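The lines below spell out each chain.
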Amino acid sequence: MLVHLLNLGLDMLRLLRGSMRILVPSQKSRHTFSYGSPDIVPIFCGALPHSTWNTYPHEYEDFATDASFLDEWSFDQFESILNRSKDDPKLKKLIQQDQIVIFLHLLGCDSNGHAHRPYSSIYLNNVKVVDRIAEGVYNLLENYFKDNQTAYIFTADHGMSDKGSHGDGHWSVTDTPLVAWGAGVKYPRPASHNQENHERFVDEHDMHDTPTPTDWGLSNIERVDVNQADIAPLMSTLIGLPCPVNSVGSLPLDYIDLDKGNEVEAVLANTKQILNQFLRKSQLKHASSFRFKPFEPLAHYTSILDDIESHISTKDYEHAMKLSKTLRSLALDGLHYFQTYDWFMLMSVIILGYIGWMLCLILHVVQSYTSLPGKIFRKEEAVFTKERPSKVYLCGSLIMASIFIVLYLEHSPPLYHAYFAMTVFLWTNIVSEYSFMRALWRYFIQTKKSYHALELSATCLVSIIVLEFLVRSFTERSIYTWCFLVVGVISPLYLIKSGPWKSRIPIFLWSACWFLSVFTLMPAEIPDNTVLVSISGLVIVVIGGVSKYLDMHTKDNKYWLYLINHDSKPKFSMLFYLQALLVGLSSVLVYLSTSHRTEKRELLALHQMMNWSIAGLSMVLPLFSATDLLSRLTSIFLGFAPPFLLLSIGYEAVFYGALGLALFGWILFENALLYANKPNKSYSSFESDNGNILLEEGDRCLQLSDMRIPVVFLVFFNIAFFGTGNFASIASFEISSVYRFITIFSPFLMAALLVFKLFIPFLLVICAFSAITRLVRVPRSGCYYLVILCSDVMTIHFFFLVKNTGSWMEIGNSISHFGIVSAQVVFVLLLFALTNIYTKDIQTRSSKQVSQKTM
């Protein structure tokens, strides 16, 4: 039976009852023996003075090898200490005393599942190894203690998907085996037709009734499913200790062999433990709240306890059991009540803070990056000469001080102070701009051009619709497919309508958008395809070569004059050919290093050194390229291709090229708009429109139509998230991506490489965004504030979607979605600073320079 159940489990959990030998190390134990991973064992035993533990070296955790020997190492250490105790009376006395913890961390299945996949021969062999270890542990303990007072619990902390990942809420990850036998455990019961009447899995949020495979041969035995949290009170009851203080598990009676009286006592102990948690939280909240609202259903809990004790004394165990379970359920509800006690207040403050932040952003953009203040200034000079009212700041300070006093007296956490402080500060600044907002409103009222209001409404409506589609795309990636299919039709038609085009730019836009639309239909879990990664390197070189050809042979085309400036020369004449060579080498090394690691089960040191060298050198080379827009962006595209290829395992390498083509199409579209509209407005008129606004030299003020730039940027930024998987799910982090750089387990370095791989598409998007702001002569910082504004609209939506109840997947995804969008602003800011190294010296011709060049 264990052989088959091990296919679902990754770690082994064992409970020894008779002499109180349990698994999890704690301060209540007399001594702890632990052996296993250097990343796990020290967490449990490093701070315990009463512990004996040992770990294997970090170098043993090599994902290129078979990790089953790690499990054998842990078992050998355990067997060795039992054998030594036979000749060491002191050690034998230590092992045979009560409250002893023996913790064996078996990492083999987890490591082999990640590295070689669960259906590989290596993983299946590791399952057999763990099966032999389970049998070996059982025989060792039975032969050593010989008292038949040992209880065993075999389970796992998680499962694993077919791709070797875990962390999401799929049933293959959250459904784990639970097998118990030994002292104090009930014998298995034969399955009956009315098995659904028995107490089974009690998760009302999700369905976990995965059928038992028929080839296990267990169809005639009743299966009892429990929540994972229920194992803690099960272990505690078997060894006769109180439940853990913070446990919220319910004791599964179907596993324990007790008479009716002891069953009621065990459930009552479990109920009191949860009730004490509720009472403590109620006491703390009551002591610090001015207006305390108790949990009414448990206002008279003492009378319920008295009734239970009365029923037990009269041996009315049925009613006592019913009352105990009811009280336990109420205690869990009460815990949830106090955990969400300040929910409404925090929701209100945070929403007001977000709205205030968005209004401050709008005011800042209008005042600093548009021509509206100059137009208002000519009518109402007093708005700009009058100082901000000091009374507003005084009132804001008094309100903030009053709130701080109340929060301090209620012993509120520091975060509560921060939420209120930020909200009051933002709204104080908004109120201080009352004069400007009133003047702005009067300006719009007095303006008789009704199309201004219509244009503003249409821009806001379209922007919100696009942002709502982006919110929806976090759960349905296929939205991007439809988005780029539609854009691939509309944008070429718009260009054709705006002017006669003899070039093939509309056709290129259509093909680039439709090519990119394919990737969000592909599976989120990327299948391995080394050959495709190598071919993608050739595709990237071809794309770079076409861009180089356009750079060299379109100097006489008036359309390309905005993008090309042959006065700028690269610092190294053979730079393009060197970058193309590095991309080709990385494609070859992808195939060589993967093949050698698969066949020899090791990463060759020469391959590892070459991979690191090529990835590092290629990212430096774009700094030596020419500074005109097309040359620099092409160099950046080729420069980040080698590290991305070396970190790719499948179709995401092709996505890199498709994203580059789509971004180039975006630049060509903006350039076409600039070229088509240049006769309508001269460069000098842009300068006169700036009024009193101080912008960088050559930049113009933002216009309402420029809102398209941050909105399109967010679309590309998000497809960089989801184009090659579901970034919002932790299962999309494919650890095999880093095996061409490192195979020895190093969590921080591996995580850094994975995050860097995810950031490379973002770098391309931000470089294109910076180039477009240079091209159309708008202030990049102003567009960045609009990006923040759009992100905050999405953040508020995700804030209302956050769940604290439901399945593991629903709760985790809702929190991760909110966290990703909230952190998006910080990511963009950091990436702006990083990409500024590559884009700060990009040169583009202005409309005036282009007209002079044409003449």
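Residues numbered from 1 in each chain as written. Predicted model: local features only at pLDDT ≥ 70, side-chain atom pairs only at ≥ 80, totals over all residues. Heavy atoms only, no water.

### Re the overall build of the protein chain
Here is the rule we go by: Only runs of H or I of at least four residues qualify as helices and only runs of E of at least two qualify as strands under DSSP, and these elements are numbered from the N terminus. Categorising residues by exposure relies on relative accessible area from a 1.4 Å probe, with only protein chains included: less than 20% of the type maximum marks a residue as buried, more than 50% marks it as exposed, and the intermediate range marks it as partly exposed. We call two residues in contact when some of their heavy atoms are within 4.5 Å. Calculation of accessible area relied on Shrake-Rupley with a 1.4 Å probe; when residues are assessed, cover is drawn exclusively from the protein chains displayed.
Check the secondary structure of the protein chain and you find 32 helices and six strands. Within the span of the protein chain, comprising 855 residues, buried residues form 50% of the whole. Of the contacts made within the protein chain by residues no fewer than 6 positions apart, 77% connect residues no fewer than 24 positions apart. When the accessible surface of the protein chain is summed, it comes to about 41,800 Å², and 62% of that surface belongs to carbon and sulfur atoms.

### Examining the side chain of Thr155
As a reminder of what qualifies: For this analysis, a polar contact is any N or O atom pair within 3.5 Å, provided that within protein one partner can donate a hydrogen and the other can accept it, and provided that sequence-adjacent residues contribute only side-chain to side-chain pairs.
Structurally, Thr155 can be placed in strand β5 (residues 151-155). Here Pro177 takes part through its backbone oxygen, which lies 2.8 Å from a polar atom of the side chain of Thr155.

### Topic: the nonpolar core
Going by this rule: Nine residue types can take part in a nonpolar core, namely buried Ala, Val, Leu, Ile, Met, Phe, Trp, Tyr and Cys, and a core is a set of them joined through side-chain atoms within 4.5 Å.
Leu516, Tyr656, Phe713, Phe716 and Val738 are the most contacted members of the largest nonpolar core, which totals 124 residues. By residue number, the principal contributor to this core is helix α26 (residues 652-677), which donates 16 residues. Every residue in contact with Leu516, bar those within four places of it in the chain, is listed here: Phe484, Phe655, Ala658, Leu659, Ala662, Phe716 and Ile719. Ranked by size, the runner-up nonpolar core spans 35 residues in total, among them Ala151, Ala266, Ile308 and Leu327.

### Details of the pattern of salt bridges
Rules: For this document, the term salt bridge refers to a Lys or Arg side-chain nitrogen within 4 Å of an Asp or Glu carboxyl oxygen.
Inspection of every chain in the model, using the stated rule, returns 12 salt bridges. Residue Arg472 is joined to Glu476 by a salt bridge in which the shortest nitrogen-to-oxygen separation is 2.7 Å. Glu652 serves as the salt-bridge partner of Lys757, at 2.8 Å between the closest nitrogen and oxygen. Here Lys757, found in helix α29 (residues 747-775), pairs with Glu652, found in helix α26; they are 105 residues apart in sequence, far enough to count as distant. Judged by its relative accessible area of 11%, Lys757 falls in the buried class. With relative accessibility at 1%, the residue Glu652 sits in the buried group.

### A short note on the environment of Tyr187
Along the chain, the position of Tyr187 falls in the loop between β6 (178-182) and α8 (231-239). Taking the relative accessible area as the measure of exposure, Tyr187 reaches 72% and is therefore exposed.

### Some points on a nonpolar patch on the surface
We count it as follows: The patch calculation keeps residues exceeding 30% relative accessible area without a salt bridge and links them within 9 Å when they carry like charges or within 5 Å when they are nonpolar (Val, Leu, Ile, Met, Phe, Trp, Tyr).
The grouping of Val486, Val489, Ile490, Leu493, Ile496, Ile507, Trp510 and Trp514 at the surface amounts to a nonpolar patch, some 760 Å² of accessible area in total. Those elements giving two or more residues to the nonpolar patch turn out to be α19 (478-498) and α20 (505-517). No other element matches α19, which puts five residues into the nonpolar patch. Secondary-structure assignment places Leu493 in helix α19. Leu493 sits in the exposed class, given a relative accessible area of 54%.

### Here's the deal with the environment of Gly261
Inspection of the secondary structure puts Gly261 in helix α9 (residues 260-288). In the structure, Gly261 is positioned 54 residues away from Lys315 in sequence and 7.5 Å away in space, judged by C-alpha atoms.

### What about the packing of helix α10 (residues 301-313) against helix α11 (residues 317-339)?
Selection rule: Note on geometry: axes are C-alpha line fits, over the in-contact stretch for helices, and angles between N-to-C directions span 0 to 180 degrees. Under this scheme an angle from 65 to 115 degrees is roughly perpendicular, one under 35 degrees roughly parallel, and one over 145 degrees roughly antiparallel; angles in between are oblique. Helix crossings get a hand from a simple test, with the near helix turned counterclockwise from the far one by less than a right angle marking a left-handed crossing and a clockwise turn marking a right-handed one. Polar here means any residue outside two lists: the nonpolar Ala, Val, Leu, Ile, Met, Phe, Trp, Tyr, Cys and Pro, and the charged Asp, Glu, Lys and Arg; Gly therefore counts as polar.
One can describe the packing of α10 onto α11 by two numbers: an axis separation of 8 Å at closest approach and a directional angle of 155 degrees. By the angle class used here, α10 and α11 are roughly antiparallel. Judged by the twist between their axes, the crossing of α10 over α11 is left-handed. On the side of α10, the interface is formed by Tyr301, Ile304, Leu305, Asp307, Ile308, His311 and Ile312, while α11 contributes Tyr317, His319, Ala320, Leu323, Ser324 and Leu327. By residue class, the composition of the contact of α10 with α11 is nine nonpolar, three polar and one charged.

### Quick word on the packing of aromatic side chains
What counts, and what does not: When the centres of two rings from Phe, Tyr and Trp lie within 6.5 Å, Trp using its six-membered ring, the rings pair. Their planes under 30 degrees apart give stacked, over 60 give edge-to-face, and anything left gives tilted.
Enumeration according to the criterion identifies 44 aromatic pairs in this entry. For the ring pair Phe292 and Phe338, a centre distance of 6.0 Å and an interplane angle of 5 degrees mean the geometry is stacked. One end of the pair, Phe292, is in the loop between α9 and α10; the other, Phe338, is in helix α11, with 46 residues separating them in the sequence. Here Phe338 falls in the buried class, since its relative accessible area comes to 8%. In this structure an aromatic cluster arises from ring pairing among Tyr369, Phe713, Phe717, Phe721, Phe759, Phe762, Phe769, Tyr784, Tyr785, Phe827 and Phe832.

### As for the packing of α9 against α11
Viewed as axis vectors pointing N to C, α9 and α11 meet at an angle of 25 degrees, and their least axial separation amounts to 8 Å. One way to sum up the angle between α9 and α11 is to call them roughly parallel. Here α9 runs over α11; the crossing is left-handed. For the contact of α9 with α11, a count of residues per class yields 14 nonpolar, eight polar and six charged.

### Side note on the confidence of the model for the protein chain
Definition in use: For every residue, the predictor assigns a confidence score, pLDDT, that lies between 0 and 100.
Confidence in the prediction for the protein chain averages 82 pLDDT; 85% of positions are at 70 or higher. Low pLDDT, under 50, characterises residues 1-27; the stretch is placed with 118 contacts to residues that sit more than four places away or in other chains. This model gives residues 195-202 a pLDDT under 50, and the stretch forms 17 contacts once residues within four places in sequence are excluded.

### Concerning the state of the cysteines
Simply put, the disulfide is a covalent bond whose two ends are the sulfur atoms of two cysteines. Note the cut-off: Any pair of cysteine sulfurs within 2.5 Å is marked as a disulfide.
Per the stated rule, a full pass over the model turns up zero disulfides. The thiol sulfur of Cys460 is not disulfide-bonded, and the nearest other cysteine sulfur, from Cys790, lies at 9.9 Å. Overall, the relative accessible area of 39% leaves Cys460 in the partly exposed class.

### Regarding the pairing of strand β2 (residues 31-36)
Test applied: Two strands make a pair as long as DSSP finds a minimum of two bridges between them.
Counted residue by residue, β2 has six buried out of six residues, so it is predominantly covered. Where burial is concerned, the two faces of β2 agree: the one with His31, Phe33 and Tyr35 and the one with Thr32, Ser34 and Gly36 are both buried. As paired elements, β2 and strand β4 (residues 100-104) share five bridges and run parallel to each other. Among the inter-strand pairings, Phe33 is bridged to a residue of β4, identified as Ile102. Looking at chain direction, β2 and strand β3 (residues 51-55) are connected through five bridges and run parallel. Among the inter-strand pairings, Tyr35 is bridged to a residue of β3, identified as Asn54.

### A closer look at helix α15 (residues 390-409)
Inclusion rule: Here, expected helix span is obtained from the residue count minus one, scaled by 1.5 Å. When we speak of the arc, we mean the arc of directions from the helix axis to the C-beta atoms.
For α15, with 20 residues, the first-to-last C-alpha span of 29 Å sits near the 28 Å given by 1.5 Å per residue. Along α15, the positions that sit buried rather than exposed are Val392, Gly396 and Leu407. Buried residues of α15 fall within an arc of 35 degrees about the axis and therefore sit on the same side. Opposite its buried face, α15 presents the exposed residues Ser390, Lys391, Leu394, Leu398, Ile405 and Tyr408, each directed more than 90 degrees away. Along its buried surface, α15 packs onto α16 (414-432). Immediately downstream of α15, the backbone of His411 shows phi near 55 degrees, a positive value.

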